[in-house]
Amino acid sequence: MRHKIKAKAKAIAQNPNTQKVLQDMKPQKNFWGISGVVLFFFVPEIIAFFWGADITAYAKGELLTPHDFLETQYYELLIMLFEEGVSYFNLAIGIALLVWLFF
């Protein structure tokens, strides 16, 4: 069974369509490719590291006052995003994409 799975995975990896899709997913080596990785993976973690506790405290304080449904959901989302602090998983994905970008 393990041999069949390994053979199937090897066939998928060597398929030209799979290789084309993988190349299409790779960020481009230009300003927009690099800045996209930095903006989506590193900047939110820097914000969470420095101001995560302040943002969470603000959102919890705002939840004490009555708001409409969308504002309440917004503040709950802020709490979910910044309550835990830095996401090392997100940083690892960003580093992996930057390494993949230059190799």
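Refer to the structure presented above.
All residue numbers refer to positions counted from 1 along the written sequence of the respective chain. Local features in this predicted model are restricted to residues of pLDDT 70 or higher, and side-chain atom pairs are both shown and tallied only at a pLDDT of 80 or more, whereas totals for entire chains, interfaces and linings draw on every residue. Values shown for side chains rest on all heavy atoms present in the structure; no hydrogens or waters enter the calculation.

### Focus on the nonpolar core
So, point 1. Formed by Ala 48, Ala 59, Tyr 75, Leu 78, Ile 79 and Phe 82, the largest nonpolar core amounts to six residues.
So, point 2. In this text, helices come from DSSP runs of H or I with a minimum length of four residues, and strands from runs of E with a minimum of two, each type numbered from the N-terminal end. Counting residues per element, the ones that place at least two in this core are helix H3 (31-63) and helix H4 (69-82).
So, point 3. If you tally residues by element for this core, the top one is H4, at four residues.
So, point 4. Here, two residues are considered to be in contact whenever any of their heavy atoms come within 4.5 Å of each other. In contact with Phe 82, other than residues within four places in its own chain, are Pro 44, Ile 47, Ala 48, Gly 52, Ile 55 and Thr 56. In plain words, nonpolar cores are sets of buried Ala, Val, Leu, Ile, Met, Phe, Trp, Tyr and Cys residues tied together by side-chain atoms within 4.5 Å. The buried label goes to any residue with under 20% of its type's maximum accessible area, the exposed label to any with over 50%, and the partly exposed label to all in between, with areas taken from a 1.4 Å probe on protein chains only.

### Some thoughts on the packing of H3 against helix H5 (residues 88-102)
So, point 1. To obtain each axis, a line is fitted to C-alpha atoms, and for helices this fit is confined to the stretch in contact; angles are then taken between N-to-C directions over 0 to 180 degrees. Interhelical geometry of H3 versus H5 gives an angle of 160 degrees and a closest axis separation of 9 Å. When the axes of H3 and H5 are compared, the pair comes out roughly antiparallel. Like other packed secondary-structure pairs, H3 and H5 cross with a definite hand, here left-handed. Between H3, through Ile 34, Val 37, Phe 40, Phe 41, Phe 42 and Glu 45, and H5, the contact on the second element is made entirely by Asn 90, Leu 91, Ile 93, Gly 94, Ile 95, Leu 97, Leu 98, Leu 101 and Phe 102.
So, point 2. Its residues placed into classes, the contact of H3 with H5 shows 12 nonpolar, two polar and one charged. What sets the label is the angle itself: under 35 degrees gives roughly parallel, over 145 gives roughly antiparallel, 65 to 115 gives roughly perpendicular, and the rest give oblique. Note on convention: near helix rotated counterclockwise from far helix by under a right angle means a left-handed crossing. Clockwise means right-handed. Gly is placed with the polar residues, together with every amino acid not listed as nonpolar (Ala, Val, Leu, Ile, Met, Phe, Trp, Tyr, Cys and Pro) or charged (Asp, Glu, Lys and Arg).

### Structural notes on H4
So, point 1. Between its first and last C-alpha, H4 extends 20 Å over 14 residues, near the 20 Å set by a 1.5 Å rise per residue.
So, point 2. Residues Tyr 75, Leu 78, Ile 79 and Phe 82 constitute the buried set of H4. One side of H4 holds all its buried residues, which, seen down the axis, span an arc of 100 degrees. Of the residues in H4, the exposed ones pointing more than 90 degrees away from the buried face are Phe 69, Leu 70, Met 80 and Leu 81.
So, point 3. Where H4 is buried, its residues meet H3. Expected helix span is computed as 1.5 Å times (number of residues minus one). Working definition: the arc comes from the directions between the helix axis and the C-beta atoms, pointing outward to the latter.

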